[in-house]
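# Breakdown of the fold
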Amino acid sequence: MSSKYPKVPTITVRVFTDKPVRKTPYQVKGVLMRKFHGKEIVPMLDGSYRDKFLYPRIQVKILNEQIYFVAVSEGVNPIKDILSNLDTLDFGNITFEVSDTEIEEEEDYFKPLSKLISYKFVTPWIALNQATGNRYRSLKNEERTSYLNSLLGQNIVFMSREMGIELESNIYTKVKLPSLFPKTVDENNWGAFDGEFETNFILPNYLGIGNGITRGYGTILGLYDPKSLSEKEETSKKGTELDIALMDDPELQEIDVQKVPRPKKTNGKSKFRKNKSKRTKKILSEEFDIEVEETTKIKKPSKQGGKSKSSKKREKWNKPNSKPSENETNFNSEEYHKKQHSF
């Protein structure tokens, strides 16, 4: 890959157990915090670093009744530190014996490409929170795909910045969803979608995008052969600008990386630069807290299918919301784990 972007270490660990795991990511994290008390993995999981890292460095997934750990940057070594002692996972009512682990380490993710690559969401992508859900409901069907493309692109730009990468070229996104009507998820009435997307950016498998990352939502899987990318040849010959032919796709959304809000931290808390003359709204979850200018204009795709009147009547997201829910709960805390789940 091009040397102008820093290498970001990533690790994905698939845990093989003697029984299928029918637990939640929070329950698994609670077991890890008790088992490895005093280890560096604990503050990575319990919310202690929430102000230090706006994007969670360690993520726990339950996929096909197996446990996956995904760690990026500062989260890699804490995960590697516990693997030699990851022999059992005691949930109180059931204990899992760990028979083996499958480990994949890389340093060449979080890079822009001059081609589009495809991903699918293996867990629902929660694109809409309280603020973005209100905005989404106000849009016409032909505008909604463009809005979701913008949210996805801003997620990618923010994640890259969290990894210390300042993009020099714009990001392109193209969501491919079976329905534009979101499913209501969680007590916060988040809006979730299934489907796939394309982008000119390479991301690790099983990483989370959007809201509810610490709960396992927004998990992605690449639909491409890594060997076919030939990143070294591509970046050295073409650079990272997207091919002009691909840019003619009317369903492709260009994200101006310079216009994505940039977080800054003051007194240990995350703050965001705002234009005092304009209102802002949050676009992501408690893991990100990005804000976007409310006045952002959405470009209409040239072709977008509409929905029938009967479908609109069935859509919960066409109904007015009740009072906004609180977003300040520390969902990673041990207290919250005990409240939500029994171990």
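The coordinates are above.
An account of the accompanying structure is given in this report. (Residues numbered from 1 in each chain as written. Predicted model: local features only at pLDDT ≥ 70, side-chain atom pairs only at ≥ 80, totals over all residues. Heavy atoms only, no water.)

This paragraph deals with the nonpolar core. Ranked by size, the top nonpolar core spans 47 residues in total, and within it Phe110, Trp125, Leu148 and Leu203 carry the most contacts. With seven residues, the top contributor of residues to this core is helix H5 (residues 141-162). One finds Val15, Met44, Leu45 and Val60 within the second-largest nonpolar core, a separate group that totals 28 residues. (Core = buried A, V, L, I, M, F, W, Y, C linked by side-chain atoms within 4.5 Å. Buried < 20%, exposed > 50% of the residue type's maximum accessible area, 1.4 Å probe, protein only. Helix = DSSP H or I, 4+ residues; strand = E, 2+ residues; numbered from the N terminus.)

Sheet strands associate in pairs through backbone hydrogen bonding, adopting either a parallel or an antiparallel arrangement. Spatially, S2-S3-S1-S5-S4 is the arrangement adopted by the five strands of the open sheet, whose pairing is antiparallel. At either end of the open sheet lies a strand with only one pairing partner, and these are strand S2 (58-63) and strand S4 (88-90). Neighbouring strand axes in the sheet, compared pairwise and without regard to direction, differ in orientation by 30° on average. Two strands pair when backbone bridges link them, and S2 and strand S3 (residues 66-72) are joined in this way by six bridges, in the antiparallel orientation. Bridge pairing in S3 links Leu63 to Gln66. Relative to strand S1 (residues 10-17), helix H3 (residues 76-83) is tilted by about 30°, and along the sheet it contacts S1, S2, S3 and strand S5 (95-106). (Pairing = 2+ DSSP bridges. Axes fitted to C-alpha atoms, helices over the stretch in contact; angles between N-to-C directions. Contact = heavy atoms within 4.5 Å.)

On to the environment of Ser146. With respect to the helices, strands and loops of the structure, Ser146 is situated in helix H5. Between the C-alpha atom of Ser146 and that of Leu252, which follows or precedes it by 106 residues, the distance is 8.4 Å.

So, about the pairing of strand S6 (residues 111-121). With nine of 11 residues buried, S6 is to be regarded as a mostly interior element. Pairing of S6 with strand S11 (residues 196-202), which is carried by six bridges, proceeds in the antiparallel orientation. By the bridge assignment for S11, Pro112 is matched with Phe201. Pairing of S6 with strand S12 (residues 220-222) involves three bridges; the strand directions are antiparallel. Bridge pairing links Phe121 to Ile220 in S12.

Take helix H4 (residues 130-137) next. Burial of H4 is extensive: six of the eight residues sit out of reach of the surface. Those residues of H4 lying buried are Gln130, Ala131, Thr132, Gly133, Tyr136 and Arg137. Capping the start of H4 is the job of one residue whose side-chain oxygen sits 3.1 Å from the backbone nitrogen of Ala131: Asn129. (Polar contact = N/O pair within 3.5 Å; in protein donor to acceptor, adjacent residues only side chain to side chain.)

Given 3.6 residues to a turn, an α-helix orients residues that are three or four positions apart in the same direction. An ideal rise of 1.5 Å per residue puts 32 Å on 22 residues; H5 measures up with 32 Å between its terminal C-alpha atoms. Phi turns positive, to about 80°, at Gly164, one or two residues after H5. (Expected span 1.5 Å × (residues − 1).)

In this section: the packing of H4 against H5. The N-to-C vectors of H4 and H5 enclose an angle of 155°; their axes lie 10 Å apart at closest approach. Comparing their axes, H5 and H4 come out roughly antiparallel. By crossing handedness, the relation of H4 to H5 is classed as right-handed. Across the interface between the two elements, Thr132, Arg135, Tyr136 and Arg137 of H4 pack against Arg144, Tyr147, Leu148 and Leu151 of H5. Split into classes, the residues belonging to the contact of H4 with H5 amount to four nonpolar, one polar and three charged. (Parallel < 35°, antiparallel > 145°, perpendicular 65-115°, else oblique. Left-handed = near helix turned anticlockwise from the far one by under 90°. Nonpolar A, V, L, I, M, F, W, Y, C, P; charged D, E, K, R; others polar.)

Now for the packing of aromatic side chains. Evaluation of the coordinates by the stated rule reveals 10 aromatic pairs. Ring geometry for Tyr68 and Tyr206: centres 4.8 Å apart, planes at 45°, overall tilted. You can see Tyr68 sitting in strand S3 and its partner Tyr206 sitting in the loop between S11 and S12, a full 138 residues away along the chain. Taken as a pair, Tyr68 and Tyr206 share a single burial class, namely buried. With a centroid separation of 5.5 Å and 85° between ring planes, the pair formed by Phe91 and Phe96 is classed as edge-to-face. Through a chain of ring-to-ring contacts, three or more aromatic side chains come together here, namely Tyr119, Phe121, Trp125, Tyr136, Tyr147, Phe193, Phe197 and Tyr224. (Phe/Tyr/Trp six-rings, centres within 6.5 Å; stacked < 30°, edge-to-face > 60°.)

Strand order in the open sheet formed by three strands is S7-S10-S9, and the pairing between neighbours is antiparallel. The open sheet has two edge strands, strand S7 (125-128) and strand S9 (183-185), and neither has a second partner. Mean inter-strand twist for the sheet, computed between neighbouring axes without regard to direction, equals 50°. The sheet contact formed by S7 and strand S10 (residues 190-193) spans three bridges and is antiparallel. Considered in S10, the bridge of Leu128 is made with Gly191. Strand contacts of H5: S7 and S10, with the helix running at about 110° to S7, the strand carrying the most contacts.

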